[in-house]
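Overview (structure and organization)
For reference, the chains in residue letters:
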Amino acid sequence: MLATDPADVDALTELANQDILLATAYTRGAGAKRALYREAMKCCELAMYTHPGFRKLADEGRPPWEACEVLTEREMGAMLFWVTALLYDFKDCMSTPARVGNIEWIRRAGHLLARMESIDPGWRGGVIPMSWSFYYYILPASMGGNVETARAKLEESVRIGPDRLLNRWARARFFRVVTGDRAGFVEDLKWVAAQSPDRMQDDPHWKAYIVRDTGQLLQDVDRYF
């Protein structure tokens, strides 16, 4: 689609999605992963730029986390994957000093999440509160971070999306590990493994990765605890 219409918002958004999946699931090395995450963010910004109001603000020099105030449901995917690519870049590619030096980017992501939440807080079965959970967990308390808020947002995502593998897989893979909750880790992953993928509403490509990764995580429990 991009070959015939370089301003196709859906094609740009899907390309960003595939870049993120390729980076996190099938790419080794922080440098290679980062290149894909940054490419995904560029695709998302191009998708947002197809909105006339955003384009006007961007041309005036406003960055995406400010210009996003005019975006609509049409650009929800672009906002989501911009935030997702940024969060994965923090997790996969940055050292602790680099995270400290770039922490303001997390607050910038919060502007896009707030805009998404104002449009449809339950969009895609809880992906917005799930993303908020990372936001509140990563930020230091002095900048508005709060571990209890992060936990509450993640629980909200699970409640909103009972037909999504992503929410419970993410809870296991990230939060159960950092909190040392081995029993919860196993419980969530066994739930994911017990579901029929065909009836779940996740993106098909991510669904395949989540199912495969869940099996591997269950085999490697002792590596994480």
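Refer to the structure presented above.
Heads up: these notes are all about the structure in this document. (Residues numbered from 1 in each chain as written. Predicted model: local features only at pLDDT ≥ 70, side-chain atom pairs only at ≥ 80, totals over all residues. Heavy atoms only, no water.)

Remarks on a nonpolar patch on the surface
On the surface, a cluster of nonpolar side chains totalling about 240 Å² of accessible area is made up of Y137, V147 and V178. One can find Y137 in helix α8 (residues 127–138). Look at Y137 and you get partly exposed, because its relative accessible area is 34%. (Patch = residues over 30% accessible without salt bridge, like charges linked within 9 Å, V, L, I, M, F, W, Y side chains within 5 Å. Areas by Shrake-Rupley, 256 points an atom, 1.4 Å probe, with all protein chains shown as cover. Salt bridge = Lys/Arg side-chain N within 4 Å of Asp/Glu carboxyl O. Helix = DSSP H or I, 4+ residues; strand = E, 2+ residues; numbered from the N terminus. Buried < 20%, exposed > 50% of the residue type's maximum accessible area, 1.4 Å probe, protein only.)

Quick look at the layout of surface pockets
Here the largest pocket is characterised by a volume of approximately 970 Å³. For the largest pocket, the lining is made up of 40 residues, of which T84, L87, Y88, M130 and S131 are closest to its centre. Secondary-structure elements contributing two or more residues to the lining of the largest pocket are α1 (9–26), α5 (76–93), α6 (96–101), α8 and α10 (165–178). With 10 residues, α5 is the single largest residue contributor to the lining of the largest pocket. (1 Å grid on protein atoms, 1.4 Å probe; cavity = no way out; pocket = protein on both sides within 12 Å on 5 of 7 lines; lining within 4 Å. Points joined across faces, edges and corners; volume = space filled by probe spheres on them.)

A word on the environment of R176
Looking at the element boundaries, R176 is found in helix α10. Residues R176 and D188 lie 12 residues apart in sequence; the distance between their C-alpha atoms is 9.1 Å.

It is worth stressing that arrangement in space is one thing and function is another; only the former is reported here.
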